[in-house]
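What follows is each chain in one-letter form.
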Amino acid sequence: MEKEEKLNDSESAKMERRQFLRLGLYSAAGVLCGSFFAFGKGDKDIVVDNYEDLLKYDWGFIVDTTRCIGCGACVRACKVENNVPESYFRTWVERYEIDSKGEIRVDSPKGAIESFQSDNFDSNDIVKAFFVPKLCNHCYDSACTQVCPVGASYESPDGVVLIDKERCVGCGYCVQACPYGCRYIDEEKGIADKCTLCYHRIHKGEAPACVNACPRNARIFGNLKDPNSKIRKILNQRRYGLLKAELGTNPKCYYIGLDKEVK
Amino acid sequence: MFKDKSHIVRIFSIIVVLGVIGFIARQIALPENFGLHGHYRWEANNQNRALPIINQNSNTCKSCHEGIYQLHGKDAHYNVPCVDCHGAGNLHVTYHKDSLGTITKEQAVMPREFKLEGCLFCHRKLKARPSDFPQIDQDEHYKFLNVTNKGTKCIECHSPHEPVFLLTEVKQSRIHPIVYKCTECHNKKPEKSFKEVADHPAIFECKDCHSSVVKSFEVRPHHKYIDCRTCHLYHKENETTGRIYKNGNVKFCLLCHEKKSFKDEKYPPKIDWPSHIGNLNIIEKSDEKICLKCHADQIHDMNQNTKEDPHPKNWTREHKSFTKDNSQLCQKCHTTNQCSSCHLKTKPVSHVPSWSKLHPESAAQNKSSCEFCHKQNSCANCHKVEIPHPKGFEETHKDVVSQKGKDVCAKCHKEDFCKQCH
């Protein structure tokens, strides 16, 4: 009897376990179904830009290095406009100096935010010298957006490479991927950041802050899809170069008067 | 068929449950509208657009500061946006446009004092700067202008809104006449004709056409320190009249000749402005070339025959206060006894004791000479009637006599004067 009882006991225990499992399964399914409705997106209406409207634009940028005077007004304007951390720059001005022996010196002290102090070589010995403002090239086939593991780096429908600041985890992969050094990690916010072509300005009819600040019209900004735009007309007339075109990133920042020393 | 199907059901149900869990997990993990138009969150585009504009457009500034905007648009800095010198201006604009009161007045004030360094951001002489852009080697510039204090700000001489006082269409001007000389770009004159040099304004030597002016300039003191282009801009190819760079404008002369604390005292000759010409009120504001009126002969021959009266219209009345401080200045043009021709401490020679009887004759001839000393209505003070008598007085004199009495007439007319007619 004792044995039988024990057997009965164990059988009833078995039944309990099965019941428990079944119960657990159902309740899990129920919770999941409930959570599906609770957390699901549903058909909530979100006010977003009209995608089709943005497709009318393809923002492009021209840097006329022959006109740049290296004053750094663009750098200062960008800093203020976008609240860029102190040691980083979304746009900066490089100075190239070549002396009679063919020696090249490139510098950009503090991104030229306080312009340049003096010539690096003896000024009589310099055979050629010029400024090259740099900024994000907003490439058609950008390396930085391809490597982003969370889809935080993306190219907007109107052709601007942007960062989703909520999505970015700050892994820094894109910073390494950009061949032009145009990205940085904002340590305070813990995310990658970069030039947005002042995305908040350009759709309100304003030029990017650097274009707005340039006293020499060395920076030209416009819609490449508009055949009557100033940028299109200039691209049709002037001869321009691209930075590191051999990498196949297909940059959209066109440099007029580019020299072979500029990389 | 199958005695026991439960294990198959179990496996499939587990797969289905895992699938459902996976799907739900993805729904939770993926943010809203991710992948709507690509591998990114569509809402992020909106967020990127929503940021506020900081740097203001110059047109925004124009809507309140129209006057200064127009002024700035006429000179060489026409293309420099307001933000470059005055700062972004977002607080300033929101303070003055919205009355919400989130921004204090102190925050809304725009920077105005220009540091020396601020100008040099653009204008410091650097090899890398395009050669057609005006650049200043500070040492050279201050040496040229005899400025002793190296910390002197550009703003002491150059108004930032009108930096070079250009009168003509500034957008066409290529060369800053003080800073550039041909030899800075050319080692020697181009071998070919100037006209064949591409993209270069045709330049002739001034004396090719203006030989007499250049000759007279070369014997005068200025020629040692400045040349024609300091005051006159080049001719351009298709212009026959010549482009003039505020020649003789008082502001332009003062760049070198105004007495300032940071300048060398002796050289070049300095003057106190505006006390040099007296109270500014007496100088008509439109009179920009006041310097030339006296000093033209120190520059070059300027056809002296056309010299105008240097004094403003109401000078006879105003000159009193001016001459008190600057009597020496008058003597540059006027001889010393010229004052006494009008002003005399004693009575003029002509005013002999019998003058009261004699004066009607000379007063009738030249009444204005009386007014040097006597006030305009001084005749009426004694005569009580209008002198000389106006037209039609013969008919109206009856009223005057009845009002003021016969004594008034008796001052000039004899007693029997009435009887001649009556």
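Residues numbered from 1 in each chain as written. Chains lettered and ligands numbered in written order. Predicted model: local features only at pLDDT ≥ 70, side-chain atom pairs only at ≥ 80, totals over all residues.

What about the overall build of chain A?
Within chain A, the regular secondary structure consists of eight helices and 11 strands. Among the 263 residues that make up chain A, the fraction classed as buried is 38%. For chain A, the proportion of contacts with a sequence separation of at least 24, taken over those separated by at least 6, is 62%. (Helix = DSSP H or I, 4+ residues; strand = E, 2+ residues; numbered from the N terminus. Buried ≥ 20, exposed ≤ 12 C-beta atoms within 10 Å, placed from the backbone. Contact = placed C-beta atoms within 7 Å.)

Quick look at the overall build of chain B
Within chain B, the regular secondary structure consists of 22 helices and zero strands. A total of 422 residues make up chain B; the buried ones form 11% of that total. Once local pairs closer than 6 in sequence are excluded, the contacts in chain B between residues at least 24 apart make up 58%.

Section: the sheet that holds strand β1 (residues 59-64) of chain A
Residues and elements named next belong to chain A. Ordered by their spatial adjacency, four strands build an open sheet running β9-β1-β11-β10, and the pairing between neighbours is mixed. Strands at the two margins of the open sheet, each flanked by one partner only, are β9 (219-223) and β10 (240-241). Two elements, β1 and strand β11 (residues 253-256), share four bridges in a ladder whose sense is parallel. Residue pairing across strands places Asp-64 opposite Ile-256, the latter belonging to β11. Strands in contact with helix α8 (residues 230-237) are β1, β9, β10 and β11; relative to β9, the strand with the most contacts, it is inclined by about 115 degrees. (Pairing = 2+ DSSP bridges. Axes fitted to C-alpha atoms, helices over the stretch in contact; angles between N-to-C directions.)

Focus: the interface of chain A and chain B
A common way to report how large an interface is uses the accessible area buried once the components associate. On the chain B side, the residues contacting the 51 residues of chain A number 43 residues. Looking at the side of chain A that touches chain B, the elements with two or more residues in it are α1 (2-39), α3 (73-82), β2 (91-99), β4 (126-135), α6 (199-202) and α7 (209-213) of chain A. The leading source of residues in the side of chain A that touches chain B is α1(A), at five residues. Its residues placed into classes, the side of chain A that touches chain B shows 24 nonpolar, 14 polar and 13 charged. (Nonpolar A, V, L, I, M, F, W, Y, C, P; charged D, E, K, R; others polar.)

Looking at the nonpolar core
Counting 71 residues, the largest nonpolar core has Cys74(A), Val75(A), Ala77(A), Cys210(A) and Ala213(A) as the members making the most contacts within it. Apart from the residues within four sequence positions on either side, Cys74(A) is in contact with Thr91(A), Pro133(A), Cys210(A), Ala213(A), Cys214(A) and Arg219(A). (Core = buried A, V, L, I, M, F, W, Y, C linked by C-beta atoms within 7 Å.)

Let's talk about the sheet that holds strand β3 (residues 104-107) of chain A
Residues and elements named next belong to chain A. Reading across the sheet, the three strands line up as β3-β2-β4 and stay open at both edges, with antiparallel pairing between neighbours. Whereas interior strands pair on both sides, the edge strands pair on one side only; in this sheet they are β3 and β4. Neighbour-to-neighbour, the strand axes of the sheet open up by a mean angle of 15 degrees, direction not taken into account. Here β2 pairs with β4 via nine bridges, running antiparallel. Paired with Glu-94 across the two strands is Val-132, which belongs to β4.

Description of helix α1 (residues 6-29) of chain B
Helical periodicity: at 3.6 residues per turn, an α-helix aligns residues three or four positions apart in one direction. Compared with the 34 Å implied by 1.5 Å per residue over 24 residues, the 34 Å span of α1(B) between its first and last C-alpha is a close match. Sparse coverage of α1(B) is indicated by the burial of zero of its 24 residues. (Expected span 1.5 Å × (residues − 1).)

Notes on the pairing of strand β8 (residues 191-194) of chain A
Residue and element names in this part refer to chain A. Inspection of the sheet shows strand β7 (residues 183-186) paired to β8 by four bridges, in the antiparallel sense. Paired with Tyr-184 across the strands is Asp-193, a residue of β8. Taken together, β7 and the strand that follows it, β8, pair antiparallel across an intervening segment of four residues, in which Gly-190 is found at a positive phi of about 70 degrees.

Considerations on the pairing of β2(A)
Residue and element names in this part refer to chain A. Of all nine residues in β2, seven are buried, a share of seventy percent or more. For β2 and β3, the ladder comprises four bridges, and the chain directions are antiparallel. Bridge pairing links Arg-95 to Asp-107 in β3. In this structure, the hairpin formed by β2 and β3 is closed by a connection of four residues, where Gly-102 is found at a positive phi of approximately 90 degrees.

Considerations on unusual backbone geometry
Residue and element names in this part refer to chain A. Residue Asn-83 is not a glycine yet carries a positive backbone phi of 55 degrees. Within the fold, Asn-83 resides in the loop between α3 and β2. Within the chain, Ala-112 stands out as a residue other than glycine whose phi angle is a positive 65 degrees. Looking at the secondary structure, you find Ala-112 in the loop between β3 and β4. The class for Ala-112 is buried, based on 26 C-beta atoms found within 10 Å.

Describing the confidence of the model for chain B
All names here are of chain B. Residue-level pLDDT values for chain B average 73, and 71% of them are 70 or greater. By mean pLDDT, helix α10 (residues 182-185) is the weakest element of chain B at 51, and α1 is the strongest at 92. Here residues 166-181 scores under 50 on pLDDT; set against residues more than four positions off or in separate chains, the count is 24 contacts. Note that pLDDT drops below 50 for residues 193-204; the model gives that stretch 14 contacts with residues more than four away or on any other chain. (pLDDT = per-residue confidence, 0-100.)

Observations concerning the confidence of the model for chain A
Mean pLDDT for chain A: 85, with 86% of residues reaching 70 or above. Between residues 1-7 of chain A, whose pLDDT stays under 50, and residues either more than four places distant or in other chains, the model counts zero contacts.

Some points on the environment of Arg95(A)
Secondary-structure assignment places Arg95(A) in strand β2. When the 24 C-beta atoms within 10 Å are taken as the criterion, Arg95(A) is described as buried. Ignoring sequence-local partners within four residues, the contact set of Arg95(A) consists of Gly70(A), Val106(A), Asp107(A), Ser108(A), Phe116(A), Phe131(A) and Ala128(B).

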